[in-house]
Amino acid sequence: MLIRTEGIVLKTQKYGEADLIVTFLTSDKGIINAFAKSPRKTRSRFGSSLEPLTHTKISLWGKEQSLPKITQADIIDSFHQIRENYNDFVNISKLVEILISLMPAGIPNKRIFSFFLNILHTVKASNQESRDALHLITRIRLLAAIGYAPRLKGCGRCGHESLDFYPDSGTTLCSKCAVTPDRAGKPFMRINNKVIHFYLHSIEWPIHISNRLKPASQTLAELSGLLDKHLTFLLSKKLKSSEFHPNSIRPQYKVSL
Ligand SMILES: [Zn+2]
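Moving on, we get to the packing of aromatic side chains. This model, assessed by the stated rule, comprises two aromatic pairs. Measuring from centroid to centroid gives 5.7 Å for Tyr15 and Phe35, while their planes differ by 90°, and the two rings are edge-to-face. Of the two residues, Tyr15 sits in strand β1 (residues 2-15) while Phe35 sits in strand β3 (residues 30-36), which places them 20 residues apart along the sequence. A relative accessible area of 44% places Tyr15 in the partly exposed class. Ring centres of Tyr166 and Phe188 lie 5.3 Å apart, and the angle between their planes is 35°; on these two criteria the pair is classed as tilted. Here Tyr166 is found in strand β6 (residues 164-166), whereas its partner Phe188 is found in the loop between β7 (171-172) and β8 (189-190), with 22 residues between them in sequence. One residue, Arg183, lies across the ring of Tyr166, its end atom 4.9 Å from the ring centre.

For the rest of this paragraph, the subject is the coordination of the zinc ion. Listed as protein donors to the zinc ion are Cys155 (SG), Cys158 (SG), Cys174 (SG) and Cys177 (SG); their distances from the metal cover 2.3 to 2.4 Å. Coordination at the zinc ion comes from four donor atoms whose angles at the metal span 102 to 116°, giving a geometry best classed as tetrahedral. The class for Cys158 is partly exposed, based on a relative accessible area of 39%.

Our focus in this paragraph is the nonpolar core. When a protein is soluble and globular, its nonpolar side chains tend to lie buried together. Counting residues in each nonpolar core, the largest one holds 49 residues, and the members touching the most others are Leu25, Leu53, Ile92, Leu99 and Phe116. Both domains that meet at this core, namely domain 1 (2-78) and domain 2 (82-151 + 191-243), each give it at least three residues. With 14 residues, the next largest nonpolar core counts Leu20, Leu50, Ile58 and Ile70 among its residues.

What follows concerns the domain arrangement of the chain. Accessible area lost during the coming together of the parts is what is often quoted as the interface size. Its domain assignment divides the chain into domain 1 (2-78) and domain 2 (82-151 + 191-243). A straight line from the C-alpha centre of domain 1 to that of domain 2 covers 25 Å. The partner domain 2 presents 21 residues to the 20 residues of domain 1 that form the contact. Surface buried jointly by domain 1 and domain 2 totals about 1,700 Å² across both partners, of which 70% is contributed by carbon and sulfur atoms. Together, Leu25, Ile31 and Leu53 form the three largest contributors to the area buried by domain 1 at its contact with domain 2, with a combined 34%. Joining domain 1 to domain 2, the criterion identifies three salt bridges. Residue Glu51 is joined to Arg83 by a salt bridge in which the shortest nitrogen-to-oxygen separation is 3.9 Å.

Rules used throughout
- Residues numbered from 1 in each chain as written.
- Predicted model: local features only at pLDDT ≥ 70, side-chain atom pairs only at ≥ 80, totals over all residues.
- Heavy atoms only, no water.
- Phe/Tyr/Trp six-rings, centres within 6.5 Å; stacked < 30°, edge-to-face > 60°.
- Helix = DSSP H or I, 4+ residues; strand = E, 2+ residues; numbered from the N terminus.
- Buried < 20%, exposed > 50% of the residue type's maximum accessible area, 1.4 Å probe, protein only.
- Lys NZ or Arg CZ within 6 Å of the ring centre and 35° of its normal.
- Donors = N, O, S within 2.8 Å, 3.2 Å for Na, K, Ca; no water.
- Tetrahedral: all angles 85-135°; square planar, octahedral: opposite > 155°, others 65-115°.
- Core = buried A, V, L, I, M, F, W, Y, C linked by side-chain atoms within 4.5 Å.
- Domains from an automatic or database assignment.
- Contact = heavy atoms within 4.5 Å.
- Buried area = accessible area lost by both parts, 1.4 Å probe.
- Salt bridge = Lys/Arg side-chain N within 4 Å of Asp/Glu carboxyl O.

Structure representation (structure tokens):
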């Protein structure tokens, strides 16, 4: 069966001597894995079309459940600017990990495909100064789009005001609801109204005007820490990509094939 669709390369894994397994977020088939024969050999016909984050037109041969073979991949946008900027690449890698970990494979979702593509275009076109806020906003919005955003608007059980976020529940809880016998001693994080305010705007405002939000660096840091805790709980493991700190010494890593 021939499948033609648009895809964004989420990740690649080496397979054998010269072959590759590529994970795509596609517009028609959701997240799928596909097999590329010998793309790591020089003068491969795939060129750089299977680099992470590349938006391509792909043709696949075989059944989508049983590792179809990539027969053609034509670049629509390489997004090499994102790959070549360490801070951007680390931040977008977090989104990729969220997608791969939390989205069921093989379920078509055109909305998420367009959404992720829009994020890549927005990051590519944005000003360097507003990137830290933008990356945080994209993480929040992606979580909201796939239904895993934390709740920070009042107590998640009764709706009363609360500034205490409980990662194990993914929500703020008021002092009454947080101390029920089943919840004794659960760790929480005290947040403030600026964090909540910025968070709610991040979700509600269209992403292309989100650069009008000008959060203080303290607010960004607190919310970023909260999201990391939330994700750690969700994924039951720390996001691999959050072990690298943007702006720290660049570790040896290679994204080219
Ligand atoms: Zn409550």
